[in-house]
Amino acid sequence: MANINSKFVLYVFIFFFSTVLLGSTNVVSQPLLPALELESAVFVIRVYGLTTQQDQTLCGAVFTCSAFPDGYLHVIRIQIMLSTFTGAGQPNSSLTTLYFPKLTVFEVSASSLPPFNIMDRMTSLKTLRDINIVDASLTYLPSDFTGFPELATFSISGTQAKSIPSNFLNNSTPWSIKFEGPFELISFDDTLYLPELTHMYIKNSNFSNSIIDLTPQSFPKLSTLEVNFMNAGSSLTINHQIPILPFYLTCTSMGSITDNKCQINLDHPETLQVLLVTGPQSTISPPIGSAYLTLGSLSLQSMALTNFPLSSYPPTLKSLNLGYNQLTTIPAIDVPPSLVSLGLQNNQLLEPIPMTIFNNNLGLTKFDLQNNPTFTGPITEDYCIHQLYIMNTGIITLPDCIWCWKNVTNLVTVSTSLPYPTSGVNCNDYKIDNSSRILVKNNTVEITGTNIGWGFVSAANYTTRRIIANTMIQIVFNYQVPNNLTPVILDLGTFEGAPHAQFQIIQGGIFINSVIAQQQPTGTSVTVKMDLYNPFLVYTLRIDGTIDCNTTILSQTEFIAMCPPISSGEHFAYVLNEKYAQYKDFDFTLEYPIVTTVTPVPSPQGSLITLTGNYGNTFSSPSVKFMAENTEIAQCPIQSINSTVITCLAGLAIENQQVELLITVDGFSTSYIISMKDICQQSTNNCNGNGGCNNNGICVCSSPSFYNNCSKPYPIISSASYDSTNNKLVSLNGDFGPFGQVNPTIKINNTLDCTVNYKSQWVLNCTLDQSPNYGLSSVQLQVDSLDTTARNILILRPTGNGGGSTTTTTTTTTTSSTSGGSPGTQQEKCEKDTFNCYGHGKCDIYGICQCDDNYNPDDNCFTKFSNTTIKPNTTDPTISFDIDGIDFQFEIVSIQELDLDGNTILKELFISNYSWNVNVSSNNIITIVNYQLNTTTNSSSSPSSSSSFQSVLVSSTISFSTQSRDIQFGDQTLHINPNSIKLAVNITNWQYSSNLATLRVVFRTIINNNQTVEYDCQDKNVEPLTYDSLSSLQYLRVVKDNVQFNGRFIDFALSDGRPTYSQTQLISSTQLDGGDDEQSIAMIGINFPQCHECVLDPDFTPLLIDKGNDSGCGNDKQSDTWRIIVGAVVGGVGAIAIAVASFLTYKMIQKKRAFNKHITNKLKTFDNINLKRYKTRIELERW
């Protein structure tokens, strides 16, 4: 137990020690002022003799302190308000700069201890926001008191300072500055910069020949300057050059001091809104007049003026005070309508005031003529519209219209010491104009008359107010005024004896809800729906305030008017009755005439032009005119017109200038501008799709690599070749620009430099420093600082043309599945591999088949030339063979423009969107069919997408003959066998998107995924696609129902008449719809470099296979014939996109073969009875 108690005491001790003693280390001490800041505060205390503590406890009423994240207290505000100086010790004279890093406000109203000037030590306090100093001990303002970036307000007063330094507060940011004291000298010039200052006040000054230059460089935002003189004889020049609107300028004296001089020079009088000036020697330049466009308040008092100071009134002047001068007359100058107060008090007026000066004024709220004892009037009824102040004048009589309304409640209508007449005043002599019928607008009306008072009546059913005293009163009824005449009794005043008026009112207000205009053959019908109008009144409708219409009232809220033809666009309907009017904007859109296009442009004078658009159905007085600045300059006599087309003879050339046409039908007119941009767009096919026309009619190409209205990209390489005797010599053909071919550089495969030794716009020759590699090479060219690349444009073949192009007809290649040992001699090997030339020839000692007549040596005598009858397609250039119902076809599908990568399609011309123009010619030897693609018409849903193809020429020629032919294609000769079809395709004038683009022609056909041929009981595999050594597609083979179709693609084409390498590629292979896994649609493309004229030249040969020597298998009876169509050479030259659609229909022949092998094929039959059972779904359009 004792042990437990000991432990408890120990724990309590540890807890106490930890929480009380050790825990005391966590107590945070109070922040203190930094030593320098405390020293600065003590200096301020001693300079102003404050009773404030001079230690860390000084923060309080005078020094407002705050803790900051740096761990210290800082003074943020100093406020000294002291009337008695109490000694607090001698200030530290060695302290030259106060340290208050967070001080924002310094406010003092006390006298400092001489000779200390507190402002000398404040120059480093850059955080100050507000400074207010009242210190009678200060004798000067320090010149280095500058650069306060946070300062908002500055005020100094009660000092002994005599001058304001020219750079005082320079580069500071106050918006308000106040100098108050006996300053004698001030000089501001361009060296001073106060960017945020808007208000400056200088009061109680004694300036002597001082100058203040108010420039936008020094005071870019200053809008108010107030200067006040304290002593007599002060003089100041103010040069105002600031274009700030509005500007307030005051230069006056205190009290009765009048002999000061304020010379004001204004560079921008139009900015002045308030101007107050005193002093007999003061001047204002320019003189007050109409140049002071925004001046609203003008006071020119105590200036000893004897002549009226205004040659004309400022147009917006509201208040003019010319009191305390020596004026005797007022000139007959019209006051502006804006003037409401005119002060002529304390002058020496002698002559009557010409009241015609108020012809444009509604009356003054203060017309002050007091203290002009020599002014005797007369006061006529013309004064009755003004509130008069005529105390201490020589006026002895007033008209009834003034006396009658002297007692108006809460309004001084006249201030006079004259007694109210005891007799002779008639206040019932009033008149209201048109009292028998006054039209009210909704519930408000302005009545006019004579001696009708000042308004200010508030009755149960109405209120009144003055517009022009005694002449025009506004009445507001608190009920809807009816559409019929209604009598009214009106109190003209509320004081005892005020007269009453009687008159009749009727609703005449107009409020338009909507305006709808519709075009008619005889004009424009306008329907106006009203929210407020009286159908018993007569209304007029004018369009745009000038076009009168015939109006018919339809209902209480609607009327219709027939108006002359108006133009398309914004208009306003102006509805008016005998007193009131209202207008409402509306839009009107012409249904016709509307011109959408004018073709052709450009057009010479006298040529026939076509205006396509909408011209209605009546065609009354149609005309087309050439206009210039709303003046007719030529006619375009109409040759024909219907609802959509006008044709006319151009009376003016539409060529090198903008043309405006004015088209009029049924009285309605519309303008159509043919701008230089329009002319450029039509004449260049919108810069050939490679840029845009600017407003000056000049093509701006999308890239600098175009010229000739963006039609010709450059540099381009259309073909390239090695010299036949020296493969270090390279020749490039193409377009290298007409600009001199500056600094051409050539690289082969980006590695081999080729030094240029000849250059022209069409040819570049260069020499390699080493021999190139065999195969394909790309060329990189820079000329005129423009780059281009031609992929696989060069080909170098090994000696002997191994794996290269061939000019002979196609072969049928099969692979036997036989096995066994190798034969001995070449002749024996030939006999074994070819079944002794398939029985149609003999193997010679060199292992080469020597074929019988009419058999094809290219496939070891396997096939026999066919005497097939060919029928040309008269719709499109489709190659087709039909042998006993088995049909093969090639169809052109599209032409693609590709980017440099060879995969991105930039543009595509789909052949199916256009039609062909076909021409057939024949003789006993050869048949020729010419096809021309009509690219000007497009059957697709987006005809605008084909605009870039309108200039493209696509032609094709199909020829066939019963005799063999040799055809020259480029630098090679193609042998065409008897009854073969040759196809030529030409693509010319393709508009390329860039100098890097190329073309590709696309074919589409159906291939078998796996196919074999059986001969002598052996299966021979037939590959559907085979490639040459350069990965270019060389052979296409399709076998179906013992019929084989062979196509071979040669690897060259013609680019601008020169042979060039052309690669054929399989673009895609897609399984047929319907789940048929045996066949696929193959898309095949032939690639071209960029060429202006691209030509390909394939041919197709039908061949038969005679299987009379096939021994067959077992007891099966061998077939008599096996038919093959062999498509021979397809020559590609650049960029072709030809789709070959293969449309196959065939019969199914069931055969039993040895080894119980069964083959089932789809049948084609035209037997209507068995159609549903054997129908073959072949949809060419889905391909």
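Residues numbered from 1 in each chain as written. Predicted model: local features only at pLDDT ≥ 70, side-chain atom pairs only at ≥ 80, totals over all residues. Heavy atoms only, no water.

## So, the state of the cysteines
Where we set the bar: Here, two cysteine sulfur atoms that lie within 2.5 Å of each other are counted as a disulfide. Counting from the N terminus, the helices are DSSP H or I runs at least four residues long and the strands are E runs at least two residues long. Partly exposed residues are those whose accessible area sits between 20% and 50% of the maximum for their type, while under 20% is buried and over 50% is exposed, using a 1.4 Å probe and protein chains only.
Inspection of the entire model under this criterion finds 14 disulfides. Across the disulfide, C549 is cross-linked to C563 (sulfur-sulfur distance 2.0 Å). In this structure, the disulfide formed by C549 and C563 twists by about 115° around the S-S bond and is classed as right-handed. Of this pair, C549 sits in the loop between β34 (547-548) and β35 (550-553) while C563 sits in strand β36 (residues 558-563), and the two are 14 residues apart along the sequence. Taken individually, C549 and C563 each receive the classification buried, so the pair is uniform in this respect. Paired through a disulfide, C687 and C699 show a sulfur-sulfur distance of 2.1 Å. Taking the torsion about the S-S bond as the criterion, the C687 to C699 disulfide, at about -105°, is left-handed. Residue C687 is found in helix α5 (residues 685-688), and its partner C699 is found in strand β48 (residues 699-701); the two are separated by twelve residues along the sequence. Across the pair, C699 and C687 agree in class, each one buried.

## Considerations on the confidence of the model for the protein chain
To be explicit about the condition: As a per-residue measure, pLDDT reflects the predictor's confidence and takes values from 0 up to 100. Any two residues having at least one pair of non-hydrogen atoms within 4.5 Å are treated as being in contact.
On average, the protein chain scores 85 in pLDDT, and the residues at 70 or more come to 87%. The low-confidence segment residues 1-28, where pLDDT is below 50, has four contacts with residues more than four positions distant or belonging to other chains. For residues 1116-1183, every residue scores under 50 in pLDDT, and the model assigns this stretch 241 contacts once sequence neighbours within four places are set aside.

## Points about the sheet that holds strand β55 (residues 763-768)
Inclusion rule: Following DSSP output, two strands are said to pair if at least two bridges run between them. A fitted line through C-alpha atoms represents every axis, and for helices the fit uses only the stretch in contact; the resulting angles, taken between N-to-C directions, go from 0 to 180 degrees.
Strand order in the open sheet formed by seven strands is β51-β52-β55-β54-β53-β56-β57, and the pairing between neighbours is antiparallel. The sheet terminates laterally at β51 (716-722) and β57 (786-796), the two strands that pair on one side only. Neighbouring strand axes in the sheet, compared pairwise and without regard to direction, differ in orientation by 30° on average. Sheet topology places β51 next to strand β52 (residues 729-735); six bridges connect them, and they run antiparallel. Among the inter-strand pairings, I717 is bridged to a residue of β52, identified as G734.

## Focus on the pairing of strand β63 (residues 894-898)
Counted residue by residue, β63 has five buried out of five residues, so it is predominantly covered. Burial of β63 is two-sided: the residues S894, Q896 and L898 facing one way and the residues I895 and E897 facing the other way are all buried. The pairing of β63 with strand β64 (residues 905-910) spans five bridges and is antiparallel. By the bridge assignment, S894 is partnered in β64 with F910. Remark: six residues form the turn of the hairpin made by β63 and β64, two consecutive strands paired antiparallel; G902 in that turn has positive phi of roughly 80°. Strand direction decides the pairing type here: β63 and strand β71 (residues 998-1008), joined by five bridges, are antiparallel. Bridged to I895 within β71 is V1001.

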